[in-house]
Amino acid sequence: MIEPSLSRDGVDGHFLQIKSIVKTYDDVVAVNDVSLDIAKGDIFALLGASGSGKSTLLRMLAGFETPNSGKIILDGEDIVSLAPYRRPINMMFQSYALFPHMTVEQNIAYGLKQDRMPKAMIADKVVQMLRLVHMEKYAKRKPEQLSGGQRQRVALARSLAKSPKLLLLDEPMGALDKKLRNRMQLEVVDIIESVGVTCVMVTHDQEEAMTMANRIAIMEEGSIVQSGTPRDIYEAPNSLQAAEFIGSMNLFRGAIAVDAEDHAVIDSEEINNQLYVSYGVTTAIEDKHVVFAVRPEKTLISRDQPQGEYNWCRGVVHDIAYLGGHSVYHIRLDNGKILYSFMVNSDRFADQPTWEELVYVYWSDDSGLVLRP
Amino acid sequence: MKKVTERLKRHAEHGKRWVIAVPTLWLMLFFALPFLIVLKIAFAESAIAIPPYTQLLTMADEAFDLHVYFGNFIFLSEDALYLTAYLNSLKMAAISTFLCLLIGYPMAYHIARAKPSTQTVLLLLILLPSWTSFLIRIYAWIGILKSNGILNNALMWLGVVDQPLTILNTNVAVYIGIVYAYLPFMILPLYANLVKHDHSLIEASQDLGARWLQSFWRITFPLSRNGIIAGSMLVFIPVVGEYVIPELLGGTNSLVIGKVLWQEFFNNRDWPLASSLALIMLLLLMLPIHFFRKYQEKEWEEGK
Amino acid sequence: MKPPIRFSSVMFWFGMAFLYLPMLSLVIYSFNSSRLVTVWAGWSTKWYGELFRDEGLMAAVWRSLEVAFWSANTAVCLGVLASVALTRFGRFRGRSMLHSLVAAPLVMPDVIIGLSLLLLFVSMTDVLGWPHQRGLFTIWIAHATFGTAYATVVISSRLKELDRSFVEAAMDLGATPVKAFVQVTLPIIMPALVSAWLLAFTLSLDDVVIASFVSGPGATTLPIEVFSSVRLGVSPKINALATLIILIVSLVTLVAWWLSRRKLKRDKFARS
């Protein structure tokens, strides 16, 4: 049904374009006007909490849901009206959905058989896929005779067997325990990259998204909050939502006092000093209210009062969470606000501040971010 | 391309309609429609004819003549025999439902608490008798309960009694037979319900100091309400119309509506009267059936 | 937890004895050489011989098996359709009605089903001239009808718990919905189809009341035959028949249980 088309990803630089997709169930808006461009070879993660609409978006790509409006253009063709079994897209399900009455081999061959491929070719392809996921020895096994990690490899092989233009992963590590998860994340990425297939995955686990994907979109309440590389999203969140979604943040609400071309100064009642950033905020709008954000690992703790008049505060150590590689200090400021700060445990038995000790927390001028509330 | 998919969609809609229509029409035609005919014939008069009743609608002088006959119902209300039969049937159904619950609940509880692999075996043991012939299992009780049957022989040999007890052809025999035949129908829904219970609930309540009986009454029993309703309806409703067991074990002494209906139909060939009896029974059972249906629907929607 | 476990265990084994002792008595007395069923007069298998020589009864056995076979087939087909409609189509017009039509036969007293179906057939003959005669054909319709209700309960409860992603995976890999159903859903729910079929089959083999209403001349099924002989009193031939039925059912159950257990063990072994 799908005519073999010339690869047209060069036309406007995007292999998969999602254009103004809207999906509602009765009165509930699940996906609200989402647009995304995904380049060929990308591993793209949709990251969001449950109910954020990420799974609905994935199911619309697969064809199990039909959007109310919008377009999905894959390799130059609008696929919205195509039934799932006519899309050049394959999916690895969260539960893997391996057919329990078929062997590993038969599972992998299933999609190829639907295309009426000659038997010999199917057999070759199956062997090739089994080799790709290192499951040659298990070809004759039934799914219930496999461990969790093995099932995932078979599921991946099955969804790659038809050489889809787009691979979808639904919570790829959802069915695995934590230890296995870390190993399989890298293994799955290796396999996907060796095949070179474009991939969209859905996950609620930020670590998983950052490990596996080279581009991430954060979804909340049916909309995209921000999309970009993992580093962009972590280091330069464009909104409070994005900043709070990934990692942890210390936030100070305040108002802009000085708004120069190359720096800005912020007044906040939540801290005893002014806050300073070494870039212009350039607020044309009247509303001067902003949120100053700084990540815990970008702050330092000292027993001596820092120099200068900006970007430091005083408090007592309220709590210490020792995590091995680093410790998370909870510092209680004079006004009761709790600040988080990481301290790297580079020495085995260093003389570090302890409970109820008076300390100063400070950070450099380029560590902070100014966000709109 | 678009045309193809649209045609496919129409195709799918068409297919869906058939999937719904075939079983619905079958059940409408062979289960629901017959009740309308029962309704019709309940208002007809018995006649010596083939079929043995008068027509409700007749063509006379190019006009329809509607002939509704209330005689059957008047007759039923005048003879105390029928009222007694209905009351007996309801009483019998209620008592045997209670007995089934009394015996079935601990049995279901025991199965639900066993190891999962054991559960399968125990369930099979409960179900196995009901896969053999129901008729033959009732028949077995004739040989046991007769005055010179196995039970009396055993009791006399043990010296418990010196005169054979008369059990067969009494209500006691009917109760034994009904409980025996319908026990699995009580146990299954109870088990299905009890096995879903989170055992930690009971452990929690015991942790909080509740005695076993208390935690049973306050937690397990109320939680298993749906199972109790389902099991009770599965026993009560069919037992109201039971014919075979009272016929074989109750003898001439047992006056129940199933038997009366059978006799009116087969022995007296009074089809309209039998229809009226069935109609009244149906009206009596409407409420419990509705109850059962609602429960079923709830179970169906659950976990979907 | 100790005392209640003991109480429910006692009740359980008491209940089991209650269920099985009567069946045991049937088996033992089928080997009794005396015609008087309850007077023991030594071992004998002569009643089995008499059973097989009873041509009327043997013919009834075959008739019953035939009716049960076709009723079960019909019931499973209709049950699959009804289950798919009820569990897979979401909301549709007539859904609630289909629910009622499936739930009501489960509890409806046999005398009502039998009488009403007979009246339907009589009226149909009256108006349409069809069916000309009542017999195995009308019994098949009656049994298929209540068999459908039971089959739907068994099949839909399996379909309901079946992970939807199996079908979605099949469609994702290029199978049309019909193909996905045939190649993936049906094989996965096959055990439920088999148990639904067996249930409809045994229910048909067991029915005496409905069959008595809707059968016609020459269409005596086994239960009708047994019932008329039992009404006249106990007969050792029936004991022999009962023993054979119990034997067959137990064997089928045992084999089914053994097969499923072996599969379970094999999978467990392979995983470890």
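Here the structure is shown first, and the text comes after it.
Residues numbered from 1 in each chain as written. Chains lettered and ligands numbered in written order. Predicted model: local features only at pLDDT ≥ 70, side-chain atom pairs only at ≥ 80, totals over all residues. Heavy atoms only, no water.

(A) Geometry of the environment of A:L369. Residues and elements named next belong to chain A. Checked against the element boundaries, L369 lands in strand β20 (residues 369–371). On the basis of relative accessible area, L369 is assigned to the buried category, the value being 14%. Residues L369 and V277, 92 residues apart in the sequence, show an inter-C-alpha distance of 7.2 Å. When near neighbours in sequence (up to four residues on either side) are disregarded, L369 contacts E235, P237, M249, V277, Y279, V291, F292 and A293. (Helix = DSSP H or I, 4+ residues; strand = E, 2+ residues; numbered from the N terminus. Buried < 20%, exposed > 50% of the residue type's maximum accessible area, 1.4 Å probe, protein only. Contact = heavy atoms within 4.5 Å.)

(B) Focus on empty space enclosed by the protein. In this structure the tally under the stated criterion is two cavities of 30 Å³ or more. If you add up the space inside the second largest cavity, you get close to 30 Å³. Lining the second largest cavity are B:T132, B:S133, B:I136, B:R137, C:M23, C:L26, C:A242, C:I245 and C:I246. At the level of secondary structure, the elements contributing two or more residues to the lining of the second largest cavity comprise α5 (134–145) of chain B together with α1 (2–29) and α12 (236–271) of chain C. Broken down by element, the residue count for the lining of the second largest cavity peaks at three residues, all from α12(C). Taken together, the residues of the lining of the second largest cavity sort by class into six nonpolar, two polar and one charged. (1 Å grid on protein atoms, 1.4 Å probe; cavity = no way out; pocket = protein on both sides within 12 Å on 5 of 7 lines; lining within 4 Å. Points joined across faces, edges and corners; volume = space filled by probe spheres on them. Nonpolar A, V, L, I, M, F, W, Y, C, P; charged D, E, K, R; others polar.)

(C) Region of interest: the side chain of B:S133. Take B:S133: it is sitting in the loop between α4 (116–131) and α5. On the accessibility criterion, B:S133 (13% relative accessible area) is buried. There is a polar contact of 3.2 Å between the side chain of B:S133 and the side chain of C:D206. With residues up to four places along the chain from it excluded, the contact list for B:S133 reads C:D206 and C:I245. (Polar contact = N/O pair within 3.5 Å; in protein donor to acceptor, adjacent residues only side chain to side chain.)

(D) Main features of the interface of chain C and chain B. Between chain C and chain B, the contact holds 90 residues from the first and 95 residues from the second. When the two sides are added together, the surface that chain C and chain B hide from each other amounts to roughly 8600 Å², 80% of it contributed by carbon and sulfur. Between the two partners, chain C and chain B, sit one salt bridge. Counting every contact that joins chain C to chain B gives 12 residue pairs in polar contact (both at pLDDT 80 or more). Element by element, the count of residues in the side of chain C that touches chain B is highest for α1(C), at 18 residues. Of the residues in the side of chain C that touches chain B, the class split is 64 nonpolar, 21 polar and five charged. (Buried area = accessible area lost by both parts, 1.4 Å probe. Salt bridge = Lys/Arg side-chain N within 4 Å of Asp/Glu carboxyl O.)

(E) Summary view of the nonpolar core. Grouped together as the largest cluster of nonpolar side chains are 212 residues, with contacts concentrated most on A:L57, A:V200 and C:F213. Sequence-distant contacts of C:F213, that is, excluding residues within four places in its chain, are made with B:L261, B:W262, B:F265, B:F266, C:V111, C:G114, C:L115 and C:L118. In this structure, A:L169, A:M173, A:L180 and A:C199 belong to the second largest nonpolar core, which totals 47 residues. (Core = buried A, V, L, I, M, F, W, Y, C linked by side-chain atoms within 4.5 Å.)

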